[in-house]
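Chain and residue survey
Take a look at the letters that make up each chain.
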Amino acid sequence: GAVVSQHPSWVICKSGTSVKIECRSLDFQATTMFWYRQFPKQSLMLMATSNEGSKATYEQGVEKDKFLINHASLTLSTLTVTSAHPEDSSFYICSARSGQSYYEQYFGPGTRLTVT
Amino acid sequence: GQQVMQIPQYQHVQEGEDFTTYCNSSTTLSNIQWYKQRPGGHPVFLIQLVKSGEVKKQKRLTFQFGEAKKNSSLHITATQTTDVGTYFCAVPRSNDYKLSFGAGTTVTVRA
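Because the structure is a prediction, the values reported are computed rather than measured.

What follows deals with the side chain of R93(B). When you line up the elements, R93(B) lands in the loop between β9 (85-92) and β10 (99-101). Residues in contact with R93(B), not counting those within four places in the same chain, are L46(A), E59(A), Q3(B), K98(B) and S100(B).

The peptide bond linking H7(A) to P8(A) adopts the cis configuration, its omega dihedral lying at 0 degrees. Of the consecutive residues I7(B) and P8(B), the connecting peptide bond is found in the cis state with omega at -5 degrees. Within the element layout of this structure, P8(B) appears in the loop between β1 (4-7) and β2 (10-14).

On to the environment of S77(A), then. Residue and element names in this part refer to chain A. You can see S77 is positioned in strand β8 (residues 76-81). Between the alpha carbons of S77 and W35 there is a distance of 9.3 Å; along the sequence they are 42 residues apart. Apart from the residues within four sequence positions on either side, S77 is in contact with I21, E22, C23, M33, W35, S50, I69, N70 and H71. Of the polar contacts made by the side chain of S77, one reaches the side chain of W35; its length is 3.0 Å.

Evaluated as defined, the whole model comprises six salt bridges over all chains. The closest approach of N and O atoms between E54(B) and K56(B), which form a salt bridge, is 3.5 Å. Through salt bridges with shared partners, a single network forms among E59(A), R93(B) and D96(B).

What follows deals with the interface of chain A and chain B. How big an interface is tends to be expressed through the accessible area that disappears when the partners come together. Each partner contributes residues to the interface: chain A has 20 residues there, and chain B has 18 residues. A buried area of about 1,500 Å², summed over both sides, lies between chain A and chain B, and 54% of it is on carbon and sulfur atoms. If you sort the residues of chain A by the area they bury against chain B, S43(A), Y103(A) and F107(A) come out on top, with a joint share of 31%. Between chain A and chain B we count one salt bridge in total. A salt bridge links R93(B) to E59(A), with the nearest nitrogen and oxygen atoms 2.5 Å apart. For the pair chain A and chain B, the number of links is four residue pairs in polar contact (both at pLDDT 80 or more). Here the side of chain A that touches chain B is composed, by residue class, of nine nonpolar, seven polar and four charged.

Turning our eyes to something else, we now look at the state of the cysteines. Residue and element names in this part refer to chain A. A complete count under the given rule lists two disulfides over all chains for this structure. Across the disulfide, C23 is cross-linked to C94 (sulfur-sulfur distance 2.0 Å). The sign of the 80 degrees torsion about the S-S bond sets the C23-C94 disulfide as right-handed. Highlighted residues: C23 in strand β3 (residues 19-25) and C94 in strand β9 (residues 90-97), separated in sequence by 71 residues. Across this residue pair, the class does not change: C23 and C94 are buried. Among the cysteines around C13, which has no disulfide bond, C94 carries the closest sulfur, lying 18 Å off. Its relative accessible area of 7% is what places C13 among the buried residues.

Take the nonpolar core next. The biggest cluster of nonpolar side chains holds 25 residues, and the ones touching the most others in it are V4(A), W35(A), F67(A), L79(A), Y92(A) and L113(A). For this core, the elements supplying multiple residues, two or more each, are β2 (10-13), β3, β4 (32-38), β5 (45-51), β7 (67-73), β8, β9 and β11 (111-115) of chain A. Dropping the residues within four chain positions of it, V4(A) is found in contact with C23(A), R24(A), S25(A), F28(A), C94(A), A96(A), Y106(A), F107(A), G108(A) and P109(A). If you look at the next biggest cluster of nonpolar residues, it comprises 20 residues, including V13(B), W34(B), F63(B) and V91(B).

Let's shift gears to the pairing of strand β5 (residues 43-49) of chain B. Residue and element names in this part refer to chain B. Counting buried residues along β5, six of its seven residues qualify, which places the element largely inside the surrounding structure. In this sheet, β5 lies alongside strand β4 (residues 32-37) in antiparallel orientation, the contact comprising six bridges. Bridged to Y35 within β5 is F45.

What counts as what
- Residues numbered from 1 in each chain as written.
- Chains lettered and ligands numbered in written order.
- Predicted model: local features only at pLDDT ≥ 70, side-chain atom pairs only at ≥ 80, totals over all residues.
- Heavy atoms only, no water.
- Helix = DSSP H or I, 4+ residues; strand = E, 2+ residues; numbered from the N terminus.
- Contact = heavy atoms within 4.5 Å.
- Polar contact = N/O pair within 3.5 Å; in protein donor to acceptor, adjacent residues only side chain to side chain.
- Salt bridge = Lys/Arg side-chain N within 4 Å of Asp/Glu carboxyl O.
- Buried area = accessible area lost by both parts, 1.4 Å probe.
- Nonpolar A, V, L, I, M, F, W, Y, C, P; charged D, E, K, R; others polar.
- Disulfide = S-S within 2.5 Å.
- Buried < 20%, exposed > 50% of the residue type's maximum accessible area, 1.4 Å probe, protein only.
- Core = buried A, V, L, I, M, F, W, Y, C linked by side-chain atoms within 4.5 Å.
- Pairing = 2+ DSSP bridges.

Shown next, in the form of structure tokens:
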């Protein structure tokens, strides 16, 4: 089946620094990837849609200058949290659709970010 | 925001018992998906329902789509410890078809 990886799986950073999270589709090409944020005991909230070769589409209330998304290839999307603050601490999950199924999303294992 | 209401938020089940989680929408849905997220893990796709009144089974899990395509349920029989986790329903948004997730039902099992 389709596999999506994320790196790192967890990261601790100091307030004010930037953190880059990678999302890769390992065995399929993904023209579209999605970035979600999940706070403890809450649901997944879509942050942005990453489109290969074009600018990302951000959800209302998500600062595009703070959460930089780059979809450089059909298998890689990156999310950079710039000038991180403790309130950015969360579980960040990416997902991707394969060409085999237009509706099924394959989720990465997630990245747990802690900002101190 | 979320387009579906999912209840209950928590479900504590005795091992071997059955339980059901529900998703309700005020609008007609084109389809609905169900995902399972184990503690500390990521969501895993379970199934998609498309047709009115559709019922699909996966071993001890039974998924149902309402006749009006406004609600769905997931019923688990003879709950096992492996069923622990949070079950989310997800529906396509009306304007762009990106997924909107329900609040989830977190299931714990008493042995």
